[in-house]
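Architecture at a glance
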Amino acid sequence: MISRRITLGQRLEEQMKGQKKTVAVVGGGAAGLMAAITAAQAGAHTIILERMNQVGKKLLSTGNGKCNLTNLHMSPSCYRSDNKSFPMKVIKQFPPEQTLDFFCRIGLLPKNKNGYIYPYSEQASSVMELLKTEAENQGATILCGSYVEKISYNNKCFTVIFKVQNSEKQEIKKIYADALILAAGGRAAPVLGSDGSGYALAKSLGHRIKKPLPALVQLCCLGKEYKQLAGIRTEAQLTLYIDKKQAAADQGELQLTDYGISGIPTFQISRFASKALDEKKQVTVSINFFPGMTKEQLDHFLFRRKEQCGYKRCSEFLTGAVNNKLSAVLLKKSGIAAEAFVSGLTPKQLQALALNLHSFQAVVTSTKPFENAQVCCGGVDTSEVNHATLESFLVPGLFLAGELLDVDGICGGYNLQWAWSSGYIAGKSAANALGLKGGK
């Protein structure tokens, strides 16, 4: 289809003449772009209002710039929400297979890495460009630098008031829409556009907001030893305890930092820590540095190692098995002098060391802020949204998509799949609500 790019004034003139039903999309991120493409493809006159100077800015940072598009391993455990069944009810309507079909259709060649799907170019920028080009080719108007300040609904019509900052002055503009899609993101990584303003807009239209908190984020821990451990990467099993009750667990490459812990397994359990800390509960993480061994096997390993290395200093006891900086910290916590001989280790000291290797206790004091988070938990209460259409139960013609909703996924392409699925359903449903049945 040949791109039809016309001015906002001409678009507004078309609206006045009633030539097309209009869908306004607030937010030009992954979910907003997908929603706009789908609605425009169905025949809607679609306008994207994006507050940043370009669309898809947060998308550019996903997967360390490589853009993990989706994941072929999909299950309810990959998503979190206070309404637990809600995410998969949406995902099943536009699953990863359809996501791949869509992207292949607009020109992307996918790369499968054990179920983790990336663009073959391994460039998030290529995904953003394909989406932007497709939106324009379908006739959508993209208005960047447009900050939506107010939305009102009256007589089946939405009035969207937004400000535009140009080189000379700030202008206040207004558009009218027959249907509105809110896809303004959450609060994670505000420098990339997610400033939380979408929550205020949803609230102004009557929706409840579950308190947004950082998720997929680093955890800050109590103790001076972390400065000594900074820079260490090691395989580990993490188990999160909230008020001494197990709440979550994950295994992978742990990163030890000067403030606490990071890395994929930390991110996977962080949303539970975030909510518990907000509720003033006690949060600890038990770190197993030998996830392939049971506690009994570890006891035996250390006993045998003592027999074999009795002539060595204790500072060398774990050399070759554990990072030297980590070894020094664990020996000290176990009451073992670095300069003592291994042969002098007592059963009590060996047991203490085995316990620290198997269940190192990290006391979590806080999470890193929204600026460091990949996504956030919380958002618009999904009990107020129809899972089949993503239309608001409170405001007819209002649809919600993406991170704005109380849905967050684990690492591995799941949050982008949520964006594609929810964006597609919202865009399709908005067009259907206006009597438009076109598109694929």
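Structural notes, computed from the coordinates. (Residues numbered from 1 in each chain as written. Predicted model: local features only at pLDDT ≥ 70, side-chain atom pairs only at ≥ 80, totals over all residues. Heavy atoms only, no water.)

This brings us to the overall build of the protein. Across its full length, the protein holds 12 helices and 21 strands. For the C-alpha atoms alone, the extent of the protein along its principal axes is close to 90 × 45 × 45 Å. Residues classed as buried in the protein amount to 53% of the 440 residues present. Contacts in the protein between residues far apart in sequence, at least 24 positions, make up 71% of those at least 6 positions apart. On the protein, roughly 19,400 Å² of surface is accessible, and the fraction owed to carbon and sulfur atoms is 50%. (Helix = DSSP H or I, 4+ residues; strand = E, 2+ residues; numbered from the N terminus. Buried < 20%, exposed > 50% of the residue type's maximum accessible area, 1.4 Å probe, protein only. Contact = heavy atoms within 4.5 Å. Areas by Shrake-Rupley, 256 points an atom, 1.4 Å probe, with all protein chains shown as cover.)

This next bit is on the pattern of salt bridges. According to the stated counting rule, one finds 19 salt bridges in the structure shown. Glu 122 serves as the salt-bridge partner of Lys 111, at 3.2 Å between the closest nitrogen and oxygen. Placement of the pair is Lys 111 in strand E5 (residues 110-113) and Glu 122 in the loop between strand E6 (116-119) and helix H5 (124-137), with a sequence separation of 11 residues. Where Asp 299 meets Lys 295, a salt bridge forms, and the shortest distance between an N and an O atom there is 3.2 Å. Of the two residues, Asp 299 and Lys 295 both sit in helix H9 (residues 295-308), 4 residues apart, roughly one turn of that helix. (Salt bridge = Lys/Arg side-chain N within 4 Å of Asp/Glu carboxyl O.)

Tallied over the full model, the rule gives 8 aromatic pairs. Where Tyr 153 meets Phe 158, the ring centres are 4.7 Å apart and the plane angle is 45°; that geometry is what we call tilted. Take Phe 158: its relative accessible area is 0%, and that puts it in the buried class. Cation over ring: Lys 111 sits above Tyr 120, and NZ or CZ is 4.7 Å from the ring centre. In this structure, Lys 368 is placed above the aromatic ring of Tyr 259, and the distance from its NZ or CZ to the ring centre is 4.2 Å. (Phe/Tyr/Trp six-rings, centres within 6.5 Å; stacked < 30°, edge-to-face > 60°. Lys NZ or Arg CZ within 6 Å of the ring centre and 35° of its normal.)

Looking now at the packing of helix H10 (residues 324-333) against helix H11 (residues 347-358). Relative to each other, H10 and H11 sit at 130°, their axes nearing to 9 Å. One finds that H10 runs oblique with respect to H11. Helix-helix and strand crossings are classified by hand; for H10 and H11 the assignment is right-handed. Residues Leu 330, Leu 331 and Lys 333 of H10 lie in contact with H11, whose contacting residues are Leu 353, Asn 356 and Leu 357. Among the residues forming the contact of H10 with H11, the class breakdown is 4 nonpolar, 1 polar and 1 charged. (Axes fitted to C-alpha atoms, helices over the stretch in contact; angles between N-to-C directions. Parallel < 35°, antiparallel > 145°, perpendicular 65-115°, else oblique. Left-handed = near helix turned anticlockwise from the far one by under 90°. Nonpolar A, V, L, I, M, F, W, Y, C, P; charged D, E, K, R; others polar.)

Now for the nonpolar core. Counting residues in hydrophobic clusters, the biggest one holds 87 residues, and the most contacted among them are Leu 131, Ile 151, Leu 180, Leu 182 and Trp 420. A total of 10 residues in this core trace back to one element, the largest contributor, which is helix H12 (residues 414-433). (Core = buried A, V, L, I, M, F, W, Y, C linked by side-chain atoms within 4.5 Å.)

Further remarks concern the packing of H9 against H11. The contact between H9 and H11 brings their axes to 9 Å, and the two run at 130°. One element, H9, and the other, H11, form an angle in the oblique class. As for how H9 packs across H11, the hand of that crossing is right-handed. When H9 is examined against H11, the residues Lys 295, Leu 298, Asp 299, Leu 302, Phe 303 and Lys 306 are found in contact with a partner set consisting of Leu 350, Gln 351, Leu 353, Ala 354, Leu 355, Leu 357 and His 358. Tallied by class, the residues present in the contact of H9 with H11 amount to 8 nonpolar, 2 polar and 3 charged.

For the rest of this paragraph, the subject is unusual backbone geometry. A negative phi holds for most residues other than glycine; trans holds for most peptide bonds. In this structure, Glu 122 takes a positive phi of about 55° despite not being glycine. Of note, the phi angle at Lys 280 is positive, near 65°, even though the residue is not glycine. Relative to the helices and strands, Lys 280 is located in the loop between helix H8 (264-278) and strand E17 (283-288).

On to the sheet that holds strand E8 (residues 146-154). Strand order across the open sheet formed by 3 strands is E8-E9-E10, with antiparallel pairing between neighbours. Strand pairing shows two members of the sheet lacking a second neighbour, E8 and strand E10 (170-177), which therefore form its edges. Between one strand and the next, the sheet's axes are offset by a mean angle of 20°, whatever the strand orientation. Strand direction decides the pairing type here: E8 and strand E9 (residues 157-165), joined by 8 bridges, are antiparallel. Opposite Val 148, over in E9, you have Phe 162 as the bridge partner. (Pairing = 2+ DSSP bridges.)

Before going further, it helps to examine the pairing of strand E1 (residues 22-26). In terms of burial, E1 is a largely internal element, 5 of the 5 residues being buried. Across the two faces of E1 the burial is the same, with Thr 22, Ala 24 and Val 26 and Val 23 and Val 25 all buried. Bridging between E1 and strand E2 (residues 45-50) involves 5 bridges; their strand directions are parallel. Within E2, the residue paired with Val 25 across the bridge is Ile 48.

With that settled, consider the sheet that holds strand E11 (residues 179-182). A sheet is described by the order of its strands in space; here 5 strands give the open sequence E7-E2-E1-E11-E20, paired in parallel fashion. The sheet is open, and its two edges are formed by strand E7 (141-144) and strand E20 (398-400), each paired on a single side. Within this sheet the neighbouring strands show an average axis-to-axis angle of 20°, counted without direction. With 4 bridges connecting them, E1 and E11 associate as parallel partners. Note that in E11 the partner of Val 25 across the bridge is Ile 181. Together, E1, E11 and E20 form the strand contacts of H12, whose direction differs from that of E20 by roughly 170°.

Moving on, we come to the side chain of Ser 327. In this fold, Ser 327 is placed in helix H10. Apart from the residues lying within four places of it in its own chain, the contact partners of Ser 327 are Ser 315, Leu 318 and Val 322.

The terminal C-alpha atoms of H11, which comprises 12 residues, lie 16 Å apart, in line with the 16 Å expected from a rise of 1.5 Å per residue. Considered for burial, the residues of H11 that qualify are Leu 350, Leu 353, Ala 354, Asn 356 and Leu 357. When H11 is viewed along its axis, its buried side chains cluster within an angular range of 165° and face the same direction. Exposed positions of H11 whose direction lies more than 90 degrees from the buried face are Pro 347 and Lys 348. (Expected span 1.5 Å × (residues − 1). Arc of directions from axis to C-beta.)

Keep in mind these values describe shape, not function.
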